[in-house]
Every structure is written in structure tokens, then in C-alpha cells.
Amino acid sequence: MVHQSLKVGMQVQQAVKANGMLAFIARGFEYRSREVLQQWYWTLTIGAGRVAEGASWSVPLQGAACAGAGDQWQCSSSRDVIKVQGMSLSGGEQQEAVSKMVEQLKECYPDLSEDYYITTDAMGGIATATDKGGIVLIAGTGSNCKLAKVDGSEIGCGGWGHLMGDEGSAYWISQLAIKTVFDATDNFKLAPYSISLVEEAMYKYFQISNRMGLLTHLYRTFEKSNIAGFCRKLAECAVAGDALCCYIFRRAGRELAQHIVALLPKADKMLFEGDLGLSIVCVGSVWDSWDLLKDGFLEVLNKVMQKPVGKDLSKFTLMKLKHTSAVGAASLGARHVGYHLPMQYAHHVDIFYTSSTLTASRCKETSIDE
């Protein structure tokens with residue numbers, strides 16, 4: 001089972017160059033690296049035995065499945081037939097592209113697997129964390145949100161790129177900080193707080209001496225990841241107590257929470273039930289600054305809880321995956337061929353907030369209209 005972030009619409013020769021093989025479902029599998037696994041390893045441009053960091057192969061054991069991510073692998077024995085491979089891929093909701101990819105995999109590697117199950121990165125993430133469905137909220141370089149239902153269907157909000165959205169992402173935070181400095185310097189719009197520290201950090205990060213120097217980064221040599229990288233410096237300034245940076249991260253928290261609000265009317269009531277309430281899987285480096293996002297994020301959700309649209313949202317749990325979404329794809333792939341793969345969901349996630357938890361924020365509250 002392969003996990004990677006390439007769009008499935010690409011040629012399969014590119015698509016199979018994944019980050020690593022993390023799990024696969026097998027029936028009657030006999031460990032024969034030179035004959036069966038080596039072809040797959042090298043297809044993925046990974047040397048035999050270097051499957052995943054911290055992962056290792058065990059001798060064939062009793063059972064009907066083989067799965068692992070950072071733990072010991074356990075494989076059943078008897079025959080070298082891989083029954084199904086589960087894949088968690090960005091763009092996995094594009095059925096036409098998925099069908100083409102499966103067709104090409106079977107044509108190019110006819111002995112690789114009897115069947116394939118391809119799902120989205122969001123569904124793979126949810127399936128790693130829980131079997132009840134929930135929300136995946138991505139806040140990295142860009143942002144995206146997916147509601148994963150128990151029946152396997154998905155509904156999205158966002159994910160349209162930096163020109164159309166990416167609200168709450170590292171790029172969005174960086175761009176807002178830069179725009180605030182430009183507007184305040186032009187006397188076009190009053191900044192809510194002093195821009196001095198953000199301006200200094202901006203010049204240092206981009207290695208420029210004035211605003212004109214930044215135009216090269218914004219246009220001629222634009223790289224989204226480079227702009228988004230400035231977010232880390234802004235987080236450092238916020239942790240140090242800079243009021244403008246704290247304000248920007250609070251706004252980012254509001255934007256991220258609004259993704260959830262947008263999907264609440266389409267969520268099945270059963271997603272809100274259980275000890276965890278609504279499970280929200282948080283993906284991306286921006287969530288490392290949860291203390292800075294928290295006030296704005298909770299402000300939005302607390303307000304919606306008081307409205308009819310949020311009547312079922314009595315509790316929610318924010319969690320990060322400790323293992324890749326490939327683990328969830330393995331489970332879904334096994335289910336696809338009628339096998340229930342035992343999952344210890346509590347071991348797959350790190351819960352960092354529940355709606356009944358109150359923690360202190362690094363940034364002070366403000367009465368300024370934001």
C-alpha cells in the first residue's frame with residue numbers, strides 16, 4: 001500500500017514514485033524479497049529493507065494481512081499473492097483518473113496485486129484515526145477541509161489554491177502579514193498594531209533592504225513555499241509576544257474554524273456521537289502553532305454552537321496523526337476485499353485538544369475589532 005501526494009491524473013510511471021511503501025494487504029504471502037518485493041521496492045525507488053523509518057519485516061506469522069507503519073510488520077504465509085493494495089492519494093476522488101491508474105498498474109505490473117483500492121488523502125487520514133468518519137482540516141503551505149462520511153463519500157470546503165483561498169494556511173498568514181506592512185507604510189490602511197517587528201522580520205527573511213526588493217519574490221521568482229516559509233518567523237515573533245503576529249494567527253484560527261462551520265450542515269448526526277464527539281484530524285505544520293490559533297478558532301466554533309446549524313456540535317476533538325494516512329488506506333483496502341484489519345485507533349493519533357479542555361493562550365485577548 002502506497003502513500004504519496006502526487007495527483008492521480010499523472011502518468012502511473014510518475015505516480016508510483018512514492019515516499020514509501022507503508023502497508024499492504026496480502027493473503028497467502030510468503031516472504032521472497034528477490035522475486036516479489038524487490039520489483040515493488042525498486043519501482044518505488046526505495047532499496048529493499050528501507051520500507052519506512054522505524055519499520056522492519058518480521059518472519060511470516062499466522063494471519064491474513066500484512067500492515068505496518070513505524071511498527072513491526074506481520075505477514076501471513078503460504079503463497080506470494082498480494083490480494084489488494086490500498087492507496088491514499090491526493091486527487092483520489094477523480095474516478096476517471098483512478099480507473100485509468102488502476103488499469104495502467106495492472107497492465108504494467110500484472111503480477112503485483114490482484115486488486116487495488118484507491119481513496120483520497122483525506123479519507124485515508126480519517127480511516128487512520130477512526131472508523132466513524134469525521135473532518136480532515138489541512139493547514140500547511142495551503143489549506144483544505146474534507147468531511148469524510150461513514151459511507152465513504154466526501155464533501156469539501158476550500159483547497160482552491162493561493163489565488164482563490166488557502167485561508168488559514170502558512171501562505172495566507174505570510175501574505176496577510178506582508179500586506180499589512182505594505183498597507184500601513186502606504187497609509188492605505190491602518191494596522192491594528194505596530195508593524196515594526198514584522199517589517200524587520202520580513203526584510204531579514206527575504207534578504208531585502210526595502211519593499212521593492214520583495215516584488216521579485218512575489219512575482220518574477222514566485223514560489224509559494226518560499227512565501228509560506230515566512231510563517232515560521234511570524235510564529236516566533238508571536239511566541240515572543242508581538243501583538244500584530246498574535247492578531248494574525250488569531251485571524252488564521254478563525255479562518256480554519258470557518259471551514260468546519262461550512263461543512264456542519266452536511267454532516268451526519270452520528271459523526272457527533274461517541275466519547276470524542278466530532279473527530280477533526282489536523283494536518284500540516286500550521287497546527288504546530290495551536291496555542292496561537294486557539295483563541296480565534298474556538299471563538300468561531302463556540303459561536304456556532306449557539307446557533308441551530310451547530311446544535312449537534314456538543315463536543316469535538318482535535319488530533320494529529322502519529323502515523324501516515326497509509327495505515328487508514330490499508331484498513332479500507334482490506335475492507336474492500338472483505339477482511340477486517342484490526343486497528344488500534346488510539347495508538348494512531350495524538351489528541352491535543354477537546355472542547356472541554358481549557359488551556360492558556362500565549363497571546364492576550366484584545367478588544368480591537370478584527
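All residue numbers refer to position in the chain's written sequence, counted from 1. Given that this is a predicted model, residues contribute local features only at a pLDDT of at least 70 and side-chain atom pairs are listed and counted only at 80 or more, while totals for whole chains, interfaces and linings are drawn from all residues. Working from all heavy atoms in the structure, the side-chain values ignore hydrogens and water.

K.L.:
Describe the pairing of strand β7 (residues 134-139), naming the residues involved and giving the relevant values.
P.N.:
Categorising residues by exposure relies on relative accessible area from a 1.4 Å probe, with only protein chains included: less than 20% of the type maximum marks a residue as buried, more than 50% marks it as exposed, and the intermediate range marks it as partly exposed. A run of DSSP states H or I qualifies as a helix once it reaches four residues; a run of E qualifies as a strand once it reaches two. Both are numbered from the N-terminal end. Burial runs high along β7: five of the six residues are buried. Judged from the six bridges that link them, β7 and strand β8 (residues 143-148) form a sheet pairing that is antiparallel. Note on β8: the bridge partner recorded for Ala139 is Ser143. Linking β7 back to β8 in an antiparallel pair, the connection comprises three residues. Bridge count for β7 against strand β10 (residues 278-283) is four bridges, and the pairing is parallel. Paired with Leu137 across the two strands is Cys282, which belongs to β10. By this definition, two strands are paired if DSSP reports at least two bridges between them.

K.L.:
Any chance you could break down the side chain of Asp242 for me, citing the residues and the numbers?
P.N.:
In this structure, Asp242 sits in the loop between α8 (224-239) and α9 (243-263). For the buried residue Asp242, which engages in no salt bridge, the nearest side chain bearing the opposite charge is Arg250, 10 Å off. Any pair of N or O atoms that falls within 3.5 Å is considered a polar contact. Within protein, one atom must be able to donate a hydrogen and the other to accept it, and sequence-neighbouring residues count only if both atoms are side-chain atoms. A polar side-chain atom of Asp242 sits 3.4 Å from the main-chain amide nitrogen of Leu244. Any pair of residues with heavy atoms lying within 4.5 Å of one another is described as a contacting pair. For Asp242, the residues in contact, after removing those within four places along its chain, are Leu197, Val198 and Cys237. Charged residues are defined here as Lys and Arg on the positive side and Asp and Glu on the negative side; His and the ends of the chain fall outside this count. Put simply, a salt bridge is a Lys or Arg side-chain nitrogen that is within 4 Å of an Asp or Glu carboxyl oxygen.

K.L.:
Lay out the packing of helix α4 (residues 121-129) against helix α11 (residues 326-336) with the relevant residues and their values.
P.N.:
To get an axis, a line is fitted to the C-alpha atoms, and for a helix only the part in contact is used. The angle between two axes follows their N-to-C directions and goes from 0 to 180 degrees. Between α4 and α11, whose axes approach to 6 Å, the crossing angle comes to 85°. Classified by the angle their axes make, α4 and α11 are roughly perpendicular. Residues Met123, Gly124, Ala127 and Thr128 of α4 touch α11, and the partners they reach there are Val327, Gly328, Ala329 and Leu332. Residues were grouped as follows: Ala, Val, Leu, Ile, Met, Phe, Trp, Tyr, Cys and Pro as nonpolar; Asp, Glu, Lys and Arg as charged; and all remaining residues, including Gly, as polar. Among the residues making up the contact of α4 with α11, the classes are represented as five nonpolar, three polar and no charged. Here the angle decides the label: under 35 degrees means roughly parallel, over 145 means roughly antiparallel, 65 to 115 means roughly perpendicular, and every other value means oblique.

K.L.:
An account of α9 is needed here, citing residue identities and associated values.
P.N.:
Because an α-helix completes one turn every 3.6 residues, residues spaced three or four positions apart along the sequence face the same direction. The end-to-end C-alpha distance of α9 is 31 Å, a good match for the 30 Å that 21 residues give at a rise of 1.5 Å each. Among the 21 residues of α9, 15 are classified as buried, and the element is accordingly described as predominantly covered. Between the side-chain oxygen of the N-cap and the backbone nitrogen of Leu244 there are 3.4 Å, and the N-cap of α9 in question is Asp242. Expected helix span is computed as 1.5 Å times (number of residues minus one).

K.L.:
An account of the packing of aromatic side chains is requested, with residue identities and associated values reported.
P.N.:
Ring pairs shown here join Phe, Tyr and Trp side chains whose ring centres sit within 6.5 Å, with only the six-membered ring taken for Trp; geometry is labelled stacked below 30 degrees between planes, edge-to-face above 60, and tilted in between. One pass over the structure, following the stated rule, counts 12 aromatic pairs. Relative to Phe230, the ring of Tyr205 lies with its centre 5.5 Å away and its plane at 35°, an arrangement referred to as tilted. Here the residue Tyr205 occupies a position in helix α6 (residues 196-206), and Phe230 occupies one in helix α8, the gap between them amounting to 25 residues. Residue Tyr205 is classed as partly exposed on the basis of its relative accessible area of 24%. Taken together, the ring pairs connect Trp287, Trp290, Phe297, Phe316, Phe352 and Tyr353 into an aromatic cluster. The ring of Phe182 is capped by Arg211, whose NZ or CZ atom sits 5.1 Å from the centre of that ring. Should the NZ of a Lys or the CZ of an Arg lie within 6 Å of a ring centre and within 35 degrees of the ring normal, that charge is described as sitting over the ring. Looking at Lys320, its charged tip hangs above the ring of Phe352, at a distance of 5.4 Å from the centre.

K.L.:
Account for the nonpolar core, with residues named and values stated.
P.N.:
Counting residues in each nonpolar core, the largest one holds 63 residues, and the members touching the most others are Leu278, Phe297 and Phe316. When residues in this core are grouped by element, the largest group, 12 residues, is from α9. Beyond its immediate stretch of four places on either side in the chain, Phe316 contacts Leu276, Leu278, Ile280, Phe297, Leu298, Leu301, Met305, Tyr353, Thr354 and Ser355. In these notes, a set of buried Ala, Val, Leu, Ile, Met, Phe, Trp, Tyr and Cys residues joined through side-chain atoms within 4.5 Å is what counts as a nonpolar core. Counting 11 residues, the second-largest nonpolar core is a separate cluster that includes Met123, Ala148, Val281 and Met319.

K.L.:
Any details on the packing of α9 against helix α10 (residues 290-305)? Residues and values, ideally.
P.N.:
For any two helices packed against each other, the geometry comes down to the angle between their axes and how far apart the axes lie. Look at α9 against α10: their axes get within 6 Å of each other, and the N-to-C directions meet at 40°. In the crossing of α9 with α10, the sense of the turn from one axis to the other is right-handed. Contacts from Phe249, Arg250, Ala252, Gly253, Arg254, Leu256, Ala257, Gln258, Ile260 and Val261 of α9 reach α10 at Leu292, Leu293, Asp295, Gly296, Phe297, Glu299, Val300, Leu301 and Val304. The class makeup of the residues in the contact of α9 with α10 is 12 nonpolar, three polar and four charged. For a crossing to be left-handed, the near helix must be turned anticlockwise from the far one by less than a right angle; the clockwise case is right-handed.

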